[in-house]
Amino acid sequence: MSFDYRSADSQGTLVEPINPKDFDIDEYCEYESLLLDRCRKFWEGNSGVLVYRRFRVPEVFSYGCRDMKRSLELQLAALKESMKYKADIPNFLEPWYGIGTVASAFGADYIWNEGQAPATKTVFASIKDALNYEYRPVESTSIGKHVLDIIEYFLDNTKGKLPMSLSDVQSPLNIASYLVNFNTLFLDMYDDPEGYMKLQSIITDLLIEFNKKQAQIIGDALAAPGHGFASSREFSGIGLSDDNSIMISNSMYEEYQVPYMEKIGQDESCNFKVLPAFRPDNVLDINEPGFAQYIKKLGEVCGINIKTMDDVKTALASRIEYFVKMGCKTADHAMEYIVYRSTDANLDAVLQQALDGNLIDREEADEYKAELLMFCASQYKRHKIVMQLHYGTLKNANPAAYTKLGPATGFDAICGYDKSGVALGALLGALEASDSLPRTIIYSLNPTDNALIDSVIGCFQSSEIPGKIQHGSAWWFNDTKTGMIEHMTSLANFSILPNFIGMLTDSRSFLSYTRHEYFRRILCDLIGQWVENGEYPADMETLGKMVEDICYNNAVRYFEFEI
């Protein structure tokens, strides 16, 4: 039985080409913007489902890729056709030109068979031969140049308004299979592992550089992750394809492929960075439903049978190290109130009660939380992670609404607690005494805590970095004009406003990022009033630098972002 390569593309949609002059770009942009709102909410949320109806024109992904004019006309027709169907993710243009782009850096060229997509033929007898080849940048090859030409042509003829992905991105292992025969490649994994990894490293770097070049040209139109994946301007990341059938064991995959895929995933091809934040609330919230199940899952991920507090700490340390490798710069802790250790409770016994499904009394639960909070803080100090503490929240104030709709549905409120200053001082003091106090940002949902926090943080500043202990920006119910003014006025009265790291958004709504503009206007207006009142010097250069620092420079320095 032979394979019939002439059979139709099972994913294919037949369309009539549309000349760019006849395509309504503004209509598609309006359609895309409606869908992007859904993409945005999904991307920033914790759950949900989006529908993607892909329109793949067979000719575009076969012989038609040689003619960029016809490829664009067919893809525009596919975009127009896609608008007839209900979906949540818009379709996009793709500068597709085969799957051998990176292989061309090693001299591989395309073989064109009638009516078929371009094929590549392996060019080396072994990995050693491939390593001896004087490879060159992908963009300098005829194949690489053609891909970039397609991008430029698409942009010119669509005014750069339509979403566009990178060209098909193949995995490093798949690219290696275009250079060296599969059988030899797999044998060389065993016989020449160092050579294999060196080749994978070279391929990965070539791939990243070519992705950067494409992304730079595409600019704001970039749709990610690309190719056959559901993609949009609101998503990030990169899609990796394996167009050849490859069977490899889990252990070999982890050793021989994952490191290079992770490197690609951390690529800066896009004009922004997405860094993870560490959020261990589920480990600390010992009385929350599902605690025992979560601890079991944490243990499975870390390869630990968690029974004691030392086990929990080992697991947390392991996950923190993993997050650091992924670029983590900050950790966040949400608490009703600040906790600190005040007794010598048997925490191993407390943990075991919770794992058995029993409810823990409040004092013992606080002791458990405080112990792990202080352990985490010591790890943050070691790894230069910023610790954020959010407190002062009354959760689920409306029990009937909570029962009907569940948590985080708009029924939380502000709550004040007695002796918050005592607890905060005790926690920071204990960490300072053990040389475990990391850079820390403190937020209270209760605006009456402004002066309290501003006075306490003054007790723990150091020469490590200006404003090591921060009073975080006006948060949640307080990120209003009045709330921001009260927060910054208090900070200026008790502390040093120019060391402030500025505004943030912790919302899942993309529209919340306008808070930063709102904040900047309020900040400048507030400083302007002080100048007019003679309370600040009318030194525009100094004031301008202060505003720039608060809005940008201080945060870059504080979090040690690599911009």
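Residues numbered from 1 in each chain as written. Predicted model: local features only at pLDDT ≥ 70, side-chain atom pairs only at ≥ 80, totals over all residues. Heavy atoms only, no water.

A. Region of the structure containing the overall build of the protein. When you go through the protein residue by residue, the secondary structure sums to 20 helices and eight strands. Principal axes of the C-alpha set define a box for the protein whose edges measure 80 × 60 × 50 Å. For the protein, with 563 residues in total, the buried portion stands at 47%. Across the protein, the fraction of contacts at a sequence separation of at least 24, relative to all contacts at a separation of at least 6, is 77%. Accessible area of the protein: about 28400 Å², with a carbon and sulfur share of 50%. With 52 positive and 79 negative side-chain charges, the protein shows a spacing of 3 Å between the two charge centroids. (Helix = DSSP H or I, 4+ residues; strand = E, 2+ residues; numbered from the N terminus. Buried < 20%, exposed > 50% of the residue type's maximum accessible area, 1.4 Å probe, protein only. Contact = heavy atoms within 4.5 Å. Areas by Shrake-Rupley, 256 points an atom, 1.4 Å probe, with all protein chains shown as cover. Lys, Arg positive; Asp, Glu negative; His and termini not counted. Charge placed at Lys NZ, Arg CZ, Asp CG, Glu CD.)

B. Main features of a nonpolar patch on the surface. A cluster of nonpolar residues, Ile414, Trp476 and Phe477, forms a patch on the protein surface that exposes about 260 Å² of accessible area. If you trace the backbone, phenylalanine 477 turns up in the loop between strand E8 (469–471) and helix H18 (481–494). In this structure phenylalanine 477 comes out as partly exposed when scored by relative accessible area, which is 39%. (Patch = residues over 30% accessible without salt bridge, like charges linked within 9 Å, V, L, I, M, F, W, Y side chains within 5 Å. Salt bridge = Lys/Arg side-chain N within 4 Å of Asp/Glu carboxyl O.)

C. Examining the pairing of strand E7 (residues 440–444) more closely. Counted residue by residue, E7 has five buried out of five residues, so it is predominantly covered. Of the pairings in the sheet, the one linking E7 to E8 comprises three bridges and is parallel in character. Of the residues in E8, the one forming a bridge with isoleucine 442 is histidine 471. (Pairing = 2+ DSSP bridges.)

D. Spatial organisation of the pattern of salt bridges. Within the structure shown, the criterion is met by 23 salt bridges. A salt bridge links glutamate 59 to arginine 70, with the shortest nitrogen-to-oxygen separation between them at 2.4 Å. Remark: arginine 70 occurs in helix H2 (residues 68–82) and glutamate 59 occurs in the loop between helix H1 (25–44) and H2; sequence separation between them is 11 residues. Beyond isolated ion pairs, a larger network of salt bridges with shared partners links Asp37, Arg40, Lys41 and Glu234.

E. Region of the structure containing helix H17 (residues 450–457). All buried positions along H17 are accounted for by Asn450, Ile453, Asp454, Val456 and Ile457. Summarising the axial view, the buried residues of H17 lie within an arc of 165 degrees, below the 170-degree limit, and thus occupy one face. Next to the buried residues of H17 lie strand E4 (386–391), helix H16 (420–433), E7, E8 and H18. (Arc of directions from axis to C-beta.)

F. A look at the sheet that holds E8. With parallel pairing, the four strands of this open sheet are ordered in space as E3-E4-E7-E8. This sheet does not close on itself; its edge strands, each paired only once, are strand E3 (330–334) and E8. Ignoring which end each strand starts from, the neighbouring axes of this sheet average 20 degrees apart. Here E3 pairs with E4 via five bridges, running parallel. Looking across to E4, one finds that histidine 333 is bridged to leucine 389. Packed on one face of the sheet, H16 meets E4, E7 and E8 and runs near 165 degrees to E4. (Axes fitted to C-alpha atoms, helices over the stretch in contact; angles between N-to-C directions.)

G. Representation of the packing of aromatic side chains. Per the stated rule, a full pass over the model turns up 26 aromatic pairs. When the centroid spacing of 6.4 Å and the interplanar angle of 75 degrees are considered together, the rings of phenylalanine 278 and tyrosine 380 count as edge-to-face. Highlighted residues: phenylalanine 278 in the loop between helix H9 (258–265) and helix H10 (281–284) and tyrosine 380 in helix H14 (residues 362–383), separated in sequence by 102 residues. Each member of the pair, phenylalanine 278 as well as tyrosine 380, is classed as buried. These aromatic residues form a ring-pair network of at least three members: Phe106, Phe124, Tyr133 and Tyr135. Seen from the ring of phenylalanine 55, arginine 53 lies directly overhead, with NZ or CZ sitting 4.1 Å from the centre. It is arginine 54 that lies over the ring of phenylalanine 61; its NZ or CZ is 5.6 Å from the centre. (Phe/Tyr/Trp six-rings, centres within 6.5 Å; stacked < 30°, edge-to-face > 60°. Lys NZ or Arg CZ within 6 Å of the ring centre and 35° of its normal.)

H. Here's a closer look at the nonpolar core. One finds Val283, Tyr368 and Met488 to be the most contacted residues of the largest nonpolar core, which totals 70 residues. Broken down by element, the residue count for this core peaks at nine residues, all from H14. Ignoring anything within four residues of it in the chain, the contact list for tyrosine 368 reads Val283, Leu284, Ile286, Phe291, Met309, Val312, Leu347 and Leu351. (Core = buried A, V, L, I, M, F, W, Y, C linked by side-chain atoms within 4.5 Å.)

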